[in-house]
Structure formats: C-alpha cells, structure tokens
Amino acid sequence: MLIIGSHVSYKNDTQLLGSVKEALSYGSNAFMFYTGAPQNTKRGEINDLITVDALSLMKDNNMDLLHVICHAPYIVNLANNLDLEKYQFAMNFLRQEIERCITLGVRYMVLHPGSATSINRDEAIDNIVYALNKILMPDDDIVILLETMAGKGTELGINIGEIKYIIDHIELKDKVGVCLDTCHLNDSGVDISKFNEYLDEFDREIGINKIGCVHVNDSKNPLGSKKDRHENIGFGTIGFDNLINVIYNERLASVPKILETPYIDKELPPYKHEIAMIRERKFNENLINDIIENK
Ligand code: FE
Ligand code: FE
Ligand code: ZN
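Predicted model only: the values in this text are computed from it and were never measured. (Residues numbered from 1 in each chain as written. Chains lettered and ligands numbered in written order. Predicted model: local features only at pLDDT ≥ 70, side-chain atom pairs only at ≥ 80, totals over all residues. Heavy atoms only, no water.)

Student: I would appreciate a short explanation of the coordination of the iron ion (ligand 2) in the present structure.
Tutor: Four donors placed tetrahedrally about a metal ideally form angles of 109.5 degrees, and six donors placed octahedrally ideally form angles of 90 or 180 degrees. For the iron ion (ligand 2), the full set of protein donor atoms is Glu-147 (OE), Asp-181 (OD), His-215 (ND1) and Glu-260 (OE), at a range of 2.0 to 2.2 Å. Considering all 4 donor atoms around the iron ion (ligand 2), the spread of angles at the metal, 81 to 169°, places the coordination shape in the irregular class. Read in sequence order, the donor residues for the iron ion (ligand 2) give the motif E-x33-D-x33-H-x44-E. In this structure the iron ion (ligand 1) is found 3.2 Å away from the iron ion (ligand 2), and Glu-147 serves as a bridging donor for the pair. On the criterion of sequence distance, the pair formed by Glu-147 in strand β5 (residues 143–147) and Asp-181 in strand β6 (residues 176–181) is long-range, its members being 34 residues apart. Overall, Glu-147 belongs to the buried group, its relative accessible area being 0%. A relative accessible area of 0% places Asp-181 in the buried class. (Donors = N, O, S within 2.8 Å, 3.2 Å for Na, K, Ca; no water. Tetrahedral: all angles 85-135°; square planar, octahedral: opposite > 155°, others 65-115°. Helix = DSSP H or I, 4+ residues; strand = E, 2+ residues; numbered from the N terminus. Buried < 20%, exposed > 50% of the residue type's maximum accessible area, 1.4 Å probe, protein only.)

As structure tokens, then:
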C-alpha cells in the first residue's frame, strides 16, 4: 500500500484534528505538520481532548500514527554557537518540540540540520552533534529525521558524508534517521534519474533502514543548482517519471512519501490532485487548470 500525504496546516484551535481532516480531504493516508508557524517558535498548549478525537478519526480511516510526521521549525539552527544564548534557545526549543511530539504520540520529527553561517563547516557540524546528544534522552520515543539539504547558502547535511558524520556521532543511534527530499537532492547534485544508484550508496554508507520519510517535490532549478525551490509534481526539472520511480521504489515501500509542492496562485493546495495523479501513475498536464477549476 502506498503511504502518501502532504504537508498540512496545524492550527491552535483545531490542532491535530484539523490536520487529520485536511489530510483526509486530499485522499492521504499520511501527513506532515508543524506544531505552529514554521518560521517562528510561538507554540500553544496541546489539548489532549482534541488529540483523542484526532486519533479516533485516524482509526476510523485506517490512518497509522506512525505515518504522521512533525517538522521542526526551520529557523531552529543547531549549527552555530557564536551567540550562545541563541544556541541554547534552539536546543531548548527543540527539546520542547520533542516533548510536544511525545505528548501527541508522534514518533518522527524532520529537522533541517542547520546552517554554518559565519563559522567553518566542520565546527558547525560538531555543534549539531553536540546539541542533538544533549537534547535526546534514552527514554524518548522519538526519531529525529535529518533532512537532506539543497546546499543553499551555508546549509549543512548536503551530501551523504555530512549526514553520515552526524549520525555516526550521535550516542542514541536509534533516535536519529534521515528524511530524503527529492528537490533538495536534485539541487545538491544527485541525479534522481539514477535514484537506485543513490540508494545503493546511501545503503553502503548509512543504511537504507535509516530513511524514515521522503519529501517528494519537483524542482524549479537544474541539477546541482543549490537553490531549493519546490515545483509541482511533473512540472519541474526532475520530472514525473523520475518522481514516480522514487514514490514506488520497493526499497522505500514502508516509508511515508510527503508532498511539499507549492500552492497554486499562493492559495490553492495542489495535494488532492497531485495525489490522485500519483495514484494513477499518469502525468496530467492539465493539473494546474484542474486545481483552479477544482475538477
Ligand atoms: Fe524541510
Ligand atoms: Fe523538505
Ligand atoms: Zn525545500
């Protein structure tokens, strides 16, 4: 069974229940959410009564909580410790985010490893390792999925070597894994038309069993462009067939596939139509129009 969904919203009043309803409206059996706005760290209290309703709605629809993924806000940067107060804030915030996930019963949290900004890359990666080792506790039922990054600016985690280094230096190894992002891989220089070769290398270096999520996005930019701008499925430089081969790759069959493709005209979510197209395995060149006309 294909495990597929998209990024969905999470609002303070409807919380996980709102997210589940949105995911179901797209025909999803998985989804990813932020516990608040991705670009800030304001977070509300979790209401357990709402969580109970969300879990029962999921049960009614055969949606598995293991296929629900939280994404840490992307402003949390564990890589730079020049401003110690900021570094400590990032660590505290991530610790609280882990506790929110545990409260919700969500096991997987995607994290952008961080950006070196003004310090050297090796030191910056060691800061990420230090922070994760400080934050993770032996009893946490959580897996932090380090996302493969495009290489924009001073981003870290932009190749197998950097991701491997972080994982190799984490003490609680069962609490770290990887989230592949097809747009980021393409932009960092991985040719998605040779995805199986990439998986072979990943398996040799890190282990395929470490992959806990795949972000399926087309890219607006060419291979190796280091840009990170997502495109709708089949409308970018990766292309429909290459993305279908990732989505239906048997070695990743048990891993949730999550779309983070752009809204149409900044207001219409494309996910219902994209998921339908993926399930049919047939590219719909009229997708954008169909979304606008809600066919
Ligand atoms: Fe991400
Ligand atoms: Fe992503
Ligand atoms: Zn991205």
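Student: Would you mind going over the packing of helix α4 (residues 121–135) against helix α5 (residues 160–168) with me for this structure?
Tutor: Any two packed helices are characterised by how steeply their axes cross, that is the angle between the axes, and by the distance between the axes. Between α4 and α5, the shortest axis-to-axis distance is 9 Å and the interhelical angle comes to 40°. Accordingly, the angle class assigned to the pair α4 and α5 is oblique. The two elements α4 and α5 cross, and the hand of that crossing is right-handed. On α5, the residues that touch Arg-121, Ile-125, Asp-126, Ile-128, Val-129 and Leu-132 of α4 are Glu-162, Tyr-165 and Ile-166. Classifying every residue of the contact of α4 with α5 gives 6 nonpolar, no polar and 3 charged. (Axes fitted to C-alpha atoms, helices over the stretch in contact; angles between N-to-C directions. Parallel < 35°, antiparallel > 145°, perpendicular 65-115°, else oblique. Left-handed = near helix turned anticlockwise from the far one by under 90°. Contact = heavy atoms within 4.5 Å. Nonpolar A, V, L, I, M, F, W, Y, C, P; charged D, E, K, R; others polar.)

Student: Quick question: what am I supposed to make of the nonpolar core here?
Tutor: Buried together is how nonpolar side chains tend to be arranged in soluble globular proteins. By size, the foremost hydrophobic cluster in this structure holds 84 residues, and its most contacted members are Phe-33, Leu-78 and Leu-132. Once residues within four sequence positions are removed from consideration, Leu-78 is found in contact with Tyr-87, Ala-90, Met-91, Leu-94, Leu-111, Pro-113, Asn-127, Ile-128, Ala-131, Leu-132 and Ile-135. Grouped together as the second largest cluster of nonpolar side chains are 11 residues, Met-32, Tyr-108, Cys-179 and Cys-213 included. (Core = buried A, V, L, I, M, F, W, Y, C linked by side-chain atoms within 4.5 Å.)

Student: Got a minute to help me understand the sheet that holds strand β3 (residues 68–71) in this structure?
Tutor: Sheet strands associate in pairs through backbone hydrogen bonding, adopting either a parallel or an antiparallel arrangement. Ordered by their spatial adjacency, 8 strands build a closed barrel running β1-β2-β3-β4-β5-β6-β7-β10, and the pairing between neighbours is parallel. Averaged over all adjacent pairs, the angle separating strand axes in this sheet is 30°, with direction ignored. Examined bridge by bridge, strand β1 (residues 4–7) and strand β10 (residues 257–259) share 3 bridges and lie parallel to one another. Each bridged residue has a counterpart across the sheet, and for Gly-5 the counterpart in β10 is Ile-258. On the sheet, helix α3 (residues 84–104) packs against β2 (30–33), β3, β4 (108–111) and β5 and is oriented at approximately 150° with respect to β4. Docked against the sheet, helix α7 (residues 195–205) engages β6 and β7 (211–216), running at close to 165° with respect to β6. (Pairing = 2+ DSSP bridges.)

Student: Could you clarify how one ought to interpret the pairing of β6 in this entry?
Tutor: Along any regular strand the residues' side chains alternate between the sheet's two faces. Where burial is concerned, most of β6 is hidden: 6 out of the 6 residues are buried. In β6, alternate side chains face the same way, and those of Val-176, Val-178 and Leu-180 on one face and Gly-177, Cys-179 and Asp-181 on the other are all buried. One ladder, built from 4 bridges, connects β5 with β6; its direction is parallel. Following the sheet pairing, Leu-146 is matched in β6 by Val-178. Two strands pair when backbone bridges link them, and β6 and β7 are joined in this way by 4 bridges, in the parallel orientation. Within β7, the position partnered with Val-178 by the bridge is Ile-211.

Student: I tried to follow α7 on my own but got confused; where do I start?
Tutor: An α-helical turn contains 3.6 residues, so a residue and the one three or four places further along point in the same direction. Residues of α7 that are buried include every one of Phe-195, Tyr-198, Leu-199 and Phe-202, and no others. The buried residues of α7 occupy one face: seen down the axis, they fall within an arc of 100°. Opposite the packed face of α7, turned more than 90 degrees from it, sit the exposed residues Glu-197 and Arg-204. If you follow the buried residues of α7, they end up packed against α5, β6, α6 (182–188), β7 and α8 (240–247). Of the residues trailing α7, Gly-207 is marked for its positive phi of about 110°. (Arc of directions from axis to C-beta.)

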